[in-house]
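# Structural description and commentary
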Amino acid sequence: DTAVSQTPKYLVTQMGNDKSIKCEQNLGHDTMYWYKQDSKKFLKIMFSYNNKELIINETVPNRFSPKSPDKAHLNLHINSLELGDSAVYFCASSQGVGGPTGELFFGEGSRLTVL
Amino acid sequence: DQQVKQNSPSLSVQEGRISILNCDYTNSMFDYFLWYKKYPAEGPTFLISISSIKDKNEDGRFTVFLNKSAKHLSLHIVPSQPGDSAVYFCAARRPNAGNMLTFGGGTRLMVKP
């Protein structure tokens, strides 16, 4: 039973298209995140939501719009896709924004390829 | 500006020996440091963490050492096993930043039987 699940796992699309990646967690956590792993393999925070409220937006272009319909879901919509958006996107969750150790639980990742 | 760095992209170790993975950071405000392990086609999974007020934390075969004056931490795996072969990410947490973690670029560990 997957704790943090993302769909789709693979996405290939053309430049200029709009696409969404969905994330759901069944851990009962109240905070969810999107991280981007670029070609250099660094994992970089994009957004963080706590109880459906945006708490972190790390200088991500406006083409990226997260949406949290409830605290178990955090979806990522990307408009006007560009080549540089090609990456692996990881969803994660945690209990609380200032939990004792900062431990995050990650999904398996969604590999986006923009042609 | 990369605040967390793992300068060794890969490390190869014989089974049964010690693996030492290193991590350097620049931001003295980090209050927690974590190590994550990642297998191909999977998300990172939490391995071990250490508070900035400690200098050592041990969990079974895994020990993390923190040297605050040098802004350096290391993960020791003893004894190394083939199943430990994975990419290891060092991460650091900023206090009052919503559990936001800053990750290093990862080190690929290969444990040879």
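Residues numbered from 1 in each chain as written. Chains lettered and ligands numbered in written order. Predicted model: local features only at pLDDT ≥ 70, side-chain atom pairs only at ≥ 80, totals over all residues. Heavy atoms only, no water.

### Details of the overall build of chain A
Under the convention used in this document: By the criteria applied, helices consist of DSSP H or I runs no shorter than four residues and strands consist of E runs no shorter than two, each listed in order from the N terminus. The cut-offs for exposure are 20% and 50% of the maximum accessible area for each residue type, with area from a 1.4 Å probe on protein chains only; residues under the lower value are buried, those over the upper are exposed, and the others partly exposed. By the convention used here, residues are in contact when the closest approach between their heavy atoms is within 4.5 Å. Surface accessibility follows the Shrake-Rupley procedure with a 1.4 Å probe radius. Residue values consider only the protein chains on display as shielding.
Looking only at helices and strands, one finds zero helices and eleven strands in chain A. Each helix and strand of chain A, placed in order from N terminus to C terminus, yields the pattern β-β-β-β-β-β-β-β-β-β-β. When the backbone C-alpha atoms are referred to their principal axes, chain A occupies close to 40 × 30 × 30 Å. Residues counted as buried form 46% of the 115 residues belonging to chain A. Taking contacts inside chain A between residues at least 6 apart in sequence as the whole, the part at least 24 apart equals 55%. Surface summary for chain A: the accessible area is close to 5600 Å², and the carbon and sulfur share equals 51%.

### A word on the pairing of strand E7 (residues 64-70) of chain A
Residue and element names in this part refer to chain A. Here is the rule we go by: Two strands form a pair only when DSSP identifies at least two bridges running between them.
Relative to strand E8 (residues 73-78), E7 is paired through five bridges, and the arrangement is antiparallel. Counted as the bridge partner of Asp-70 is His-73 from E8. Between E7 and E8, which pair antiparallel in sequence order, lie two residues.

### Re the confidence of the model for chain A
Inclusion rule: Here pLDDT means the predictor's own confidence in every residue, given as a number from 0 to 100.
Summing up the model confidence of chain A, the mean pLDDT is 90 and the portion of residues at 70 or higher is 94%. Summarising per-element confidence for chain A, the mean pLDDT is lowest in strand E6 (residues 53-57) of chain A (79) and highest in strand E3 (residues 19-25) of chain A (97).

### Details of the interface of chain B and chain A
Filter applied, for reference: When two parts are put together, the accessible area they lose, computed with a 1.4 Å probe and summed over both, is reported as buried area. Here a salt bridge means any side-chain nitrogen of Lys or Arg lying within 4 Å of a carboxyl oxygen belonging to Asp or Glu. Polar contact criterion, stated in full: a pair of N or O atoms within 3.5 Å, where within protein one must be able to donate a hydrogen and the other to accept it, and residues adjacent in sequence count only if both atoms are side-chain atoms.
Listed by partner, the interface residues are 23 residues for chain B and 26 residues for chain A. Of the roughly 1800 Å² buried between chain B and chain A on both sides combined, carbon and sulfur atoms contribute 58%. Summed over the shared surface of chain B and chain A, the number is zero salt bridges. Joining chain B to chain A, the criterion identifies two residue pairs in polar contact (both at pLDDT 80 or more). Of all the secondary-structure elements, those providing two or more residues to the side of chain B that touches chain A are strand E4 (32-38), strand E5 (45-51), strand E9 (86-93) and strand E10 (101-103) of chain B.

### Describing the pattern of salt bridges
For the structure on display, the rule yields six salt bridges over all chains. Of the charged contacts, one joins Asp85(A) and Arg63(A) as a salt bridge, the two residues approaching to 2.8 Å between their closest N and O atoms. Taken as a pair, Asp85(A) in the loop between E8 and strand E9 (87-94) and Arg63(A) in the loop between E6 and E7 lie far apart in primary sequence, 22 residues in all. Among the residues examined, Arg63(A) registers a relative accessible area of 17% and is labelled buried. Lys56(B) serves as the salt-bridge partner of Glu58(B), at 4.0 Å between the closest nitrogen and oxygen. You can call Glu58(B) exposed: its relative accessible area is 51%. Since its relative accessible area comes to 44%, Lys56(B) is described here as partly exposed.

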